[in-house]
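In case you want the letters, here they are:
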Amino acid sequence: AMYPAAIFHTLNDCLVNLLSIYAATVLGSFADSILQMNVDLGVQNIVQLLICLVILVLLMPFVDLLGRLIMLKNSLKHDRKVLRRFLNKKYESIICYDAGDIQYRIEWDVCRLRIYWVELVTKIVMIPIICIYLLYQSLQISWIYTLVVIAISAVKLIVPFSVRKLESRYDKAEREYQ
């Protein structure tokens, strides 16, 4: 029921990120054209940058709004299905819960699940696409630059994982000291 909303959110996030990266690339090319005193290339870059900005400012909020409207429409259907499923449960399986707990869970668990699901689908699709495009753009600059950036990123990811146990022991000792 939430696939159309996930598709719109994924489309919006991918396009916003890709256009932002492309705009940064065009801006770098514009700076190069200024340093080389190439007016024609500079004007061409300004036009490309303006097109990116118009799309980002005018079109992408519309796509985001469509995604939110579809999410709202489908979430109402989803809420009805969940409520119908809850009302079809046997009395014995419901009696173990408090009334407030049931109300809270019917209202908020479904909403959180929906949001987490759409975000998960969006990130699973978006991250590889953005990583591939960033890799392509960085390879256009220099393969050495790309290797350095990947190495620094890997170190930044590996170091917190490698010192996690040491950090937790330090935090525990600090709590015991206080």
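Below you will find a few notes about this structure. (Residues numbered from 1 in each chain as written. Predicted model: local features only at pLDDT ≥ 70, side-chain atom pairs only at ≥ 80, totals over all residues. Heavy atoms only, no water.)

## With respect to the pattern of salt bridges
One pass over the structure, following the stated rule, counts 3 salt bridges. Note that D64 and R68 form a salt bridge whose closest N and O atoms lie 3.0 Å from each other. Placement of the pair is D64 and R68 together in helix α2 (residues 39-87), with a separation of 4 residues, close to one helical turn. E119 is the partner of K123 in a salt bridge, and the nearest nitrogen-oxygen pair spans 3.8 Å. Highlighted residues: K123 and E119, both in helix α4 (residues 99-141), separated by 4 residues, approximately one helical turn. Relative accessible area serves as the criterion here: at 34%, K123 is assigned to the partly exposed category. (Salt bridge = Lys/Arg side-chain N within 4 Å of Asp/Glu carboxyl O. Helix = DSSP H or I, 4+ residues; strand = E, 2+ residues; numbered from the N terminus. Buried < 20%, exposed > 50% of the residue type's maximum accessible area, 1.4 Å probe, protein only.)

## Quick notes on α4
The end-to-end C-alpha distance of α4 is 61 Å, a good match for the 63 Å that 43 residues give at a rise of 1.5 Å each. The largest bend in α4 amounts to roughly 35 degrees and is located at R105. If you check which residues of α4 are buried, you get I102, V110, R114, V118, T122, M126, I130, Q137 and S138. If you follow the buried residues of α4, they end up packed against α1 (3-35), α2, α3 (91-94) and α5 (143-162). (Expected span 1.5 Å × (residues − 1). Bend = angle between axes of the 7 residues up to and from the residue. Contact = heavy atoms within 4.5 Å.)

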